[in-house]
Amino acid sequence: MFKKSLKMQPNRSEAHKGIGYINFQLGKLHEAKHMFKQCLALNPTPNPVFEIITGNNAIAPFKLQTTPRTKLGRIHLINGDSQKAIMQFTEEIKLQPYQPDAYDGLGWAYLAQQRELEARSAFKMAIRLEPLNNSAHKGLRKAKEVILEKRLSEKTKLSAKFPQTNPN
């Protein structure tokens, strides 16, 4: 239907968005990226899509609002480009400050850049906005683990550098 719509109206952003979502679900990330970019070029503020999230990424099934920008951010994350992902998620948050998928994605992008404190903050906001999103809960646990490991490592280094003497 989306392809038919594009043939009739080639500048229809919603058709580009729909094909982008289908390609994303099929794992055709290059095609999805192309369609999402075309969608945003035609309409910088397209309507969001609600996806039903189940399985390992949900504490219980829930509807998650996503957008072409958050999907582009996910594609960049999957492709290992956390900087571009951060740009997409940040842009989405500027447009929609209460977008839980953008905060969740931003958290994962920050973790990829070893920016654990920022990741922790992003995941906390994602959970505040969508408490059933298990991806954000997993990310928050991961960020806290890395922060703790770094702090323990720093303490160990300090202890080795300045050993305490026992007065007894």
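Look above for the structure.
Report on the accompanying structure.

The rules behind the values
Residues numbered from 1 in each chain as written. Predicted model: local features only at pLDDT ≥ 70, side-chain atom pairs only at ≥ 80, totals over all residues. Heavy atoms only, no water. Helix = DSSP H or I, 4+ residues; strand = E, 2+ residues; numbered from the N terminus. Rg over C-alpha atoms; globule rule 2.2 N^0.38 Å. Buried < 20%, exposed > 50% of the residue type's maximum accessible area, 1.4 Å probe, protein only. Areas by Shrake-Rupley, 256 points an atom, 1.4 Å probe, with all protein chains shown as cover. Lys, Arg positive; Asp, Glu negative; His and termini not counted. Charge placed at Lys NZ, Arg CZ, Asp CG, Glu CD. Contact = heavy atoms within 4.5 Å. Phe/Tyr/Trp six-rings, centres within 6.5 Å; stacked < 30°, edge-to-face > 60°. Expected span 1.5 Å × (residues − 1). Arc of directions from axis to C-beta. Pairing = 2+ DSSP bridges. Core = buried A, V, L, I, M, F, W, Y, C linked by side-chain atoms within 4.5 Å.

A short note on the overall build of the chain
- Regarding its fold elements, the chain presents 8 helices and 2 strands.
- Ordered by position from the N terminus, the helices and strands of the chain form the series α-α-α-β-β-α-α-α-α-α.
- Taking 2.2 N^0.38 as the reference for a compact globule, 168 residues should give roughly 15 Å; the C-alpha atoms of the chain span a radius of gyration of 20 Å, well beyond that estimate.
- Along the first, second and third principal axes, the C-alpha atoms of the chain reach 90 × 30 × 25 Å.
- Within the chain, buried positions represent 43% of all 168 residues.
- Surface exposure of the chain reaches about 10300 Å², of which carbon and sulfur atoms provide 55%.
- In the chain, 27 positive and 14 negative side-chain charges are present, and the distance between their average locations comes to 1 Å.

Some points on the environment of leucine 72
- Mapped onto the secondary structure, leucine 72 falls in helix α4 (residues 68-78).
- Residue class for leucine 72 comes out buried when judged on its relative accessible area of 2%.
- Once residues within four sequence positions are removed from consideration, leucine 72 is found in contact with Lys33, Phe36, Lys37, Leu40 and Gln88.

Here's the deal with the packing of aromatic side chains
- One pass over the structure, following the stated rule, counts 2 aromatic pairs.
- A ring pair is formed by tyrosine 21 and phenylalanine 36, whose centres lie 5.3 Å apart and whose planes are at 85°; its orientation type is edge-to-face. In this pair, tyrosine 21 sits in helix α2 (residues 13-25) while phenylalanine 36 sits in helix α3 (residues 29-42), placing the two residues 15 residues apart along the sequence.
- When its relative accessible area of 9% is taken as the criterion, tyrosine 21 is described as buried.

What about α3?
- Taking 1.5 Å as the rise per residue, α3 with 14 residues should run 20 Å; its terminal C-alpha atoms sit 20 Å apart, in good agreement.
- Taken together, the buried positions of α3 are occupied by Leu29, Ala32, Met35, Phe36, Cys39 and Leu40. Buried residues in α3, looked at end-on, bunch into an arc of 135°, giving them a common side. Structural note: α3 exposes His30 and Ala41 on the side pointing more than 90 degrees away from its buried face.
- Looking at the buried side of α3, the elements it contacts are α1 (2-8), α2 and α4.

Some points on the pairing of strand β2 (residues 62-66)
- Summarising burial for β2: 4 of the 5 residues are buried, a large majority.
- Two strands pair when backbone bridges link them, and strand β1 (residues 49-53) and β2 are joined in this way by 5 bridges, in the antiparallel orientation. Bridge pairing links phenylalanine 50 to glutamine 65 in β2.

Describing the nonpolar core
- Counting 19 residues, the largest nonpolar core has Leu106, Tyr110, Ala119 and Phe123 as the members making the most contacts within it.
- Elements with a contribution of two residues or more to this core: α5 (82-95), α6 (100-112), α7 (116-129) and α8 (134-161).
- Residues within four places of alanine 119 in sequence aside, it is in contact with Gly107, Tyr110, Leu111 and Ala143.
- Counting residues in each nonpolar core, the second largest holds 8 residues, with Leu29, Ala32, Leu40 and Leu72 among its members.

Some words on α2
- Here α2 contains 13 residues, and its C-alpha end-to-end distance of 19 Å stays within 8% of the 18 Å for a straight helix at 1.5 Å per residue.
- Most of α2 sits inside the fold, with 10 of its 13 residues counted as buried.
- Residues of α2 that are buried sit in contact with α1, α3, β1, β2 and α4.
- In the segment just after α2, glycine 27 is the residue with positive phi, at about 80°.

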